[in-house]
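Read off the chains here:
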Number of protein chains: 2
Amino acid sequence: MPHVDVHSHLYPPEYIELLKKRSEVPYVKLFPHIGLPCLCNRPYYPASGGLPGRPLTDHYYSVKAKIAFMDTHGIEISVLSMGNPWLDFLEPSTAGEIAASMNHAMNSLCQEYQQRLFFFAVLPMSAPDDSAIITEIQHITTLPQARGVVMGTNGLGEGLDDPRLLPIWRELAAANLPVFIHPNYGLPASVWGENHASSQILPLSIGFTTETAIAITRMFLAGVFDTVPNLQLILSHSGGTLPFLAGRIEACIAHDMKRALSDEPRVPLWEVLRKNLYLDGVIFDKIGLRTAIEASGIDRVMFGTDHPFFAPVKEMPLWPAMTLNRDAARELLDDKEYEMVMGGNAQRVLQL
Amino acid sequence: MPHVDVHSHLYPPEYIELLKKRSEVPYVKLFPHIGLPCLCNRPYYPASGGLPGRPLTDHYYSVKAKIAFMDTHGIEISVLSMGNPWLDFLEPSTAGEIAASMNHAMNSLCQEYQQRLFFFAVLPMSAPDDSAIITEIQHITTLPQARGVVMGTNGLGEGLDDPRLLPIWRELAAANLPVFIHPNYGLPASVWGENHASSQILPLSIGFTTETAIAITRMFLAGVFDTVPNLQLILSHSGGTLPFLAGRIEACIAHDMKRALSDEPRVPLWEVLRKNLYLDGVIFDKIGLRTAIEASGIDRVMFGTDHPFFAPVKEMPLWPAMTLNRDAARELLDDKEYEMVMGGNAQRVLQL
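The model shown is predicted, which means the values in this text are computed figures rather than measured ones.

**A look at the overall build of chain A**
Within chain A, the regular secondary structure consists of 13 helices and eleven strands. Taking all 352 residues of chain A together, the buried fraction comes to 62%. Put simply, chain A shows about 12,800 Å² of open surface, and 53% of that area lies on carbon and sulfur atoms. Averaging the locations of the 27 positively and 38 negatively charged side chains of chain A gives two centres separated by 3 Å.

**Notes on the relation of the copies chain A and chain B**
Superposition of the two copies of the chain requires a rotation about an axis and a shift along the axis. Expressed as a screw operation, the relation of chain A to chain B combines 0.0 Å of axial shift with a rotation of 180 degrees, fitting to an RMSD of 0.0 Å. The symmetry that links the two subunits is that of a two-fold axis. Here 100% of the contact residues of chain A are again contact residues in chain B; the copies associate through an equivalent surface.

**Focus on the packing of helix 6 (residues 201–221) of chain B against helix 8 (residues 242–254) of chain B**
When two helices pack together, their arrangement is given by the angle between the helix axes and by the axis-to-axis distance. Residues and elements named next belong to chain B. Close contact between helix 6 and helix 8 brings their axes to 12 Å; oriented N to C, the two are set at 40 degrees. Of the possible angle classes, the one that applies to helix 6 and helix 8 is oblique. Between helix 6 and helix 8 the crossing geometry is right-handed. Judged by residue contacts, A213, I216, T217, F220 and L221 of helix 6 engage L242, I249, E250 and I253 from helix 8. In terms of residue class, the contact of helix 6 with helix 8 is built from seven nonpolar, one polar and one charged.

**A look at the packing of aromatic side chains**
Here the structure, examined in full by the defined rule, presents 14 aromatic pairs over all chains. With a centroid separation of 6.3 Å and 70 degrees between ring planes, the pair formed by Y15 of chain B and F89 of chain B is classed as edge-to-face. Residue Y15 of chain B is found in helix 1 (residues 13–20), and its partner F89 of chain B is found in the loop between strand 5 (77–81) and helix 3 (92–111); the two are separated by 74 residues along the sequence. Of the residues examined, F89 of chain B reaches a relative accessible area of 21% and is grouped as partly exposed. Chaining the aromatic ring pairs together yields one cluster made of Y11, Y15, Y60, F89 and F309 of chain A. One cation-aromatic arrangement involves R330 of chain A over Y338 of chain A; the distance from NZ or CZ to the ring centre is 4.1 Å.

**Describing the state of the cysteines**
Residues and elements named next belong to chain A. Enumeration over the complete set of coordinates arrives at zero disulfides over all chains. C40 supplies the cysteine sulfur nearest to C38, a cysteine that is in no disulfide, at a spacing of 5.8 Å. Overall, the relative accessible area of 0% leaves C38 in the buried class.

**Here's the deal with the confidence of the model for chain A**
Within chain A, residue pLDDT values average 95, and 98% of them lie at 70 or more. Among the scores for the predicted complex, ipTM is 0.97 and pTM is 0.97.

**Digging into the sheet that holds strand 4 (residues 54–55) of chain A**
All names here are of chain A. Across the sheet, three strands lie side by side as 2-3-4; this open sheet has antiparallel pairing. Each end of this open sheet is capped by a strand with a single partner; those strands are strand 2 (27–30) and strand 4. Judged from the two bridges that link them, strand 3 (residues 37–40) and strand 4 form a sheet pairing that is antiparallel. By the bridge assignment, C38 is partnered in strand 4 with P55.

**Points about the interface of chain A and chain B**
Contact residues are listed per partner, giving 65 residues for chain A and 65 residues for chain B. Approximately 5,500 Å² of surface area, both sides summed, lies buried where chain A meets chain B, with 71% of it carried by carbon and sulfur atoms. Along the contact surface separating chain A from chain B lie two salt bridges. In this structure, R290 of chain B and E294 of chain A form a salt bridge, with 2.9 Å as the shortest nitrogen-oxygen distance. The tally of links between chain A and chain B comes to eleven residue pairs in polar contact (both at pLDDT 80 or more). Mapped onto the side of chain A that touches chain B, the elements with two or more residues apiece are helix 6 (201–221), helix 8 (242–254), helix 9 (257–260), helix 10 (269–275), helix 11 (286–296) and helix 12 (320–332) of chain A. When grouped by side-chain class, the residues that make up the side of chain A that touches chain B number 37 nonpolar, 18 polar and ten charged.

**Examining the environment of G155 of chain B**
Summarising the element assignment, G155 of chain B is placed in the loop between strand 7 (146–151) and helix 5 (166–174). Non-local contacts of G155 of chain B, meaning those with residues more than four positions away in its chain, are made with M125, L160 and L165 of chain B.

**A short note on the sheet that holds strand 7 of chain B**
All names here are of chain B. Spatial ordering of the open sheet is given by 1-5-6-7-8-9-10-11, a layout of eight strands whose pairing is parallel. Of all the strands in the sheet, the pair left with one neighbour each is strand 1 (4–9) and strand 11 (301–302). Of the strand pairs in this sheet, strand 9 (residues 233–235) and strand 10 (residues 277–280) are connected by three bridges, and their pairing is parallel. When the bridges of strand 10 are listed, L233 appears paired with L277. Sheet strands touched by helix 2 (residues 63–72): strand 1, strand 5 and strand 6 (117–121). Its angle to strand 6, the strand with the most contacts, is close to 120 degrees.

**Considering the nonpolar core**
In terms of nonpolar packing, the biggest core is built from 244 residues, with W169, L172 and L233 of chain A together with W169, L172 and L233 of chain B touching the most fellow members. With near-sequence residues (within four places) excluded, L233 of chain A lies in contact with W169, V179, I181, I216, M219, F225, N276, L277 and Y278 of chain A.

**A look at the pairing of strand 10 of chain B**
Residue and element names in this part refer to chain B. Burial along strand 10 is two-sided: L277 and L279 facing one way and Y278 and D280 facing the other are all buried. Pairing of strand 10 with strand 11 involves two bridges; the strand directions are parallel. Note that in strand 11 the partner of D280 across the bridge is M302. In this fold, strand 10 hands off to helix 11 (residues 286–296), which returns the chain to strand 11; that crossover is right-handed.

**Concerning the side chain of S126 of chain A**
Residue and element names in this part refer to chain A. By the element assignment, S126 lies in the loop between strand 6 (117–121) and helix 4 (130–140). Polar side-chain contacts of S126 include one of 2.9 Å to the backbone oxygen of L90. If we skip the residues at most four places from it in the chain, S126 touches L87, D88, L90, E91, P92 and A95.

**Observations regarding helix 5 (residues 166–174) of chain A**
All names here are of chain A. Residues I168, W169, L172 and A173 constitute the buried set of helix 5. The buried side chains of helix 5 occupy one side of the element, clustering within an arc of 135 degrees when seen end-on. Considering only its buried residues, helix 5 is in contact with helix 4, strand 7 (146–151), strand 8 (179–181), helix 6, helix 7 (224–227) and strand 9 (233–235). Two residues or fewer past helix 5, N176 is found with a positive phi of approximately 60 degrees.

**Looking at a nonpolar patch on the surface**
Where nonpolar side chains cluster on the molecular surface, the patch consists of L51 of chain A together with M257 and L261 of chain B and spans about 240 Å² of accessible area. Among the secondary structure elements, L261 of chain B is positioned in the loop between helix 9 (257–260) and helix 10 (269–275).

**A look at the environment of A215 of chain A**
Residues and elements named next belong to chain A. Note on placement: A215 falls in helix 6. Since its relative accessible area comes to 7%, A215 is described here as buried. Linking A215 and F303, residues 88 residues apart in sequence, is a C-alpha distance of 22 Å. Those residues in contact with A215 that sit more than four places away from it in its chain are T153 and L160.

Cut-offs used in this document
- Residues numbered from 1 in each chain as written.
- Chains lettered and ligands numbered in written order.
- Predicted model: local features only at pLDDT ≥ 70, side-chain atom pairs only at ≥ 80, totals over all residues.
- Heavy atoms only, no water.
- Helix = DSSP H or I, 4+ residues; strand = E, 2+ residues; numbered from the N terminus.
- Buried < 20%, exposed > 50% of the residue type's maximum accessible area, 1.4 Å probe, protein only.
- Areas by Shrake-Rupley, 256 points an atom, 1.4 Å probe, with all protein chains shown as cover.
- Lys, Arg positive; Asp, Glu negative; His and termini not counted.
- Charge placed at Lys NZ, Arg CZ, Asp CG, Glu CD.
- Least-squares fit on C-alpha atoms with pLDDT ≥ 70 in both.
- Contact = heavy atoms within 4.5 Å.
- Axes fitted to C-alpha atoms, helices over the stretch in contact; angles between N-to-C directions.
- Parallel < 35°, antiparallel > 145°, perpendicular 65-115°, else oblique.
- Left-handed = near helix turned anticlockwise from the far one by under 90°.
- Nonpolar A, V, L, I, M, F, W, Y, C, P; charged D, E, K, R; others polar.
- Phe/Tyr/Trp six-rings, centres within 6.5 Å; stacked < 30°, edge-to-face > 60°.
- Lys NZ or Arg CZ within 6 Å of the ring centre and 35° of its normal.
- Disulfide = S-S within 2.5 Å.
- pLDDT = per-residue confidence, 0-100.
- Pairing = 2+ DSSP bridges.
- Buried area = accessible area lost by both parts, 1.4 Å probe.
- Salt bridge = Lys/Arg side-chain N within 4 Å of Asp/Glu carboxyl O.
- Polar contact = N/O pair within 3.5 Å; in protein donor to acceptor, adjacent residues only side chain to side chain.
- Core = buried A, V, L, I, M, F, W, Y, C linked by side-chain atoms within 4.5 Å.
- Right-handed = clockwise from strand over helix to strand, strands pointing away.
- Arc of directions from axis to C-beta.
- Patch = residues over 30% accessible without salt bridge, like charges linked within 9 Å, V, L, I, M, F, W, Y side chains within 5 Å.

Structure follows, in C-alpha cells:
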C-alpha cells in the first residue's frame, strides 16, 4: 500500500512570478541579508527583527524538489495544493483567468509524474460573481490530475457560512470534487499579547486550527450540510480543534434557547464529522491523531506532511513533519488501520 | 467514593448586590419582559432580540439551591468558584477590600455545609499593586474552606504571561493554592461572522476554550512553569483545546528558528501537562474526555458540571451538564479510573 500525502503544498512558478511583482503581502522579495528571496504569504510582523518571511527554497515551487522529498520520505503519491493565500487577494476582474491558468499549470506539473502527483485546484474566489467560479469548477473537471479544490476560510469575503456560497457548494458536490479546507487568516493579533508579536508559534498552532474549527462550525450552524448533504470537505490539521470540541459545541447548541426549541430537523455535528468531513493527519502526536480518528472514523483520516511549510530548522535526513505524523499513526494503529490512514483512505476517496 | 464537582459557580449575594448597582456589563438588571432580573456577566449582543443575559434564578447565588442541585445529581462535594468576570472590573482602590469581603462571604457560605462545600477564592487583580494581591493570598490561607483561587485569563490586564505576575505565581505555589483558570473574554467578535452575532454558541464553545488554550500556551512560552516549577493550575473545560493541540504547539516550537536554536533548557508542554496542569472534565463527550486523560493523566482530570451556567432549556429531572459529563466518564473508564475522575483526584489534590 503506497503512502499518500494529502497535505502537500506547491506554488506553480507562475504564481511565484505573480508574487514577485507585488509590494504588499502576499509577495516574494529578495532580502539581501538572507541571500534568498523570501515568500511573505502572511504578515510576519517585521518589527520582530526575525525573518521577514520564509526563505524561498525550491521546495516551494519545483516539482523536482517535491519528488525528491517524496522519494526521501517514502511517499509514493502526493496530492498537491497551492499554499495559502491562494488567489484570495486577486483583483476581481483578473481572478477567473488567473485561476484557469494556475490550474492548467498545476495539471501540467502533475502530468510529469502522472501516477504520483495529483492536485487540489484553486477557485477564483474574488471574482465579481459566482459564474466565474462555476465556470472554473467545470474547467477543473476536465483536468485529468485534479482531485478536488483547495479553499481558505474567507469564502467570498464573508466566511464559509455565506449563503452566496450555496450554489458553489452544490456545484462542487455534484462534480464529486472534495474541498480541502485550509486556514490562512488565523485570529486577530491582539489575542497573542505583546510578548509573542514576533513569533509565528501561536498564530500557526492555535490561530490556524481555531480558524478552521470556527469556519466549519459556522457552516454547520448555518445548515450547509443539511442543504448540501453530499458536500465533502477535507479539513487541514486534523480538523483544527473540531474533533476535541464537538461535544462542547453540541452541548452549547442544546443549551441555546433558540436552537434547542427549534423544530427544524438538523444533522448533528457528530454525523457531519462521519459523513461530510475527512480529516488530514497533520497533528504531530498520537493523542491528537486518536481523537481525530475517533471523531470522524478510521476510514476518514488521511496522512499529510504540510510540506514544505515545516522545514527543519537544522539540516537533518528526514523532516520531522513527515516522521512525527507517520510515527503517530504507526504507534497508534494496527497494520490494516495504518495502511488506511497512510494511503488507503486517500486512494479510495480521491480515486488515485 | 463521593462525587466531587470542581467546576461549580456561585456568586455570593454580596456580589449580586454589587452588580445591581452597576449600569455597565457586568451588571444585574430587571428586564420587565422576562420577569426575573438578568445577570449580564458578559456582553450579550442585545441587538439579537434574544435574552439580554441569563435569568437570575437562585441557582446563581443561593447555597440552598446549590445543595439541592447537588443532592438531586448525586454530588457529595462541590468546590465553588465565583463565576466570571470575578473582580476584574473593580476600581483599583476598592479591589483589595472587596476581595477580602467576598472571600469571607464565600467561606461563611461554605461553612454552612463544611463537609460538602469548599471554594476557590478570588483575588483583587485590578488592585493598584501586587501587595494587595499578596495580602489577599495570605488572607485566603486562613479561610478554612478555601482550597485555591479562581482566576481569569486577563491577569493584571496583560494576560497570564505578564512577568509582573511572577511574584503572585510564586506566592500561590508556596501557599500550595492551586489556581482554577477560567475563561471570560473569548475571542474578538469579528471572528464569528454576522450570522452568529446574536448567539452565544460560538463564543462559549470555541471562544472560551481557545481563550484558555492561548492563555496557558502564552504562560508556557514565557517560561512560567520553568520559573515556578511547583505552580499548580486546574484548567476549565478540560484545558480548552490544549490537550488536542499540544503536539502541534511543540511542533511549531521545534520549527521556530529562534526557539529551536536556543540553548536555554525548557520543560516540554507534555511534561507541563503532567506536572503543573490539572484538567476538569467539563467536555460533554467521551472522545474529548479520553484526550484530556491521555494528555494529562488519569490522576489529573476532575469531574465538573459548570453549574449553574448550563441550565436546561426545558424542565427536566437531571441537568445534562451533569449527566453528559458523568456518562462520558462512565462509558470510558473502568471502576477505579471512574472513581478517580469523579472524585478521588479532587479529594487528593484539594485535600477535601
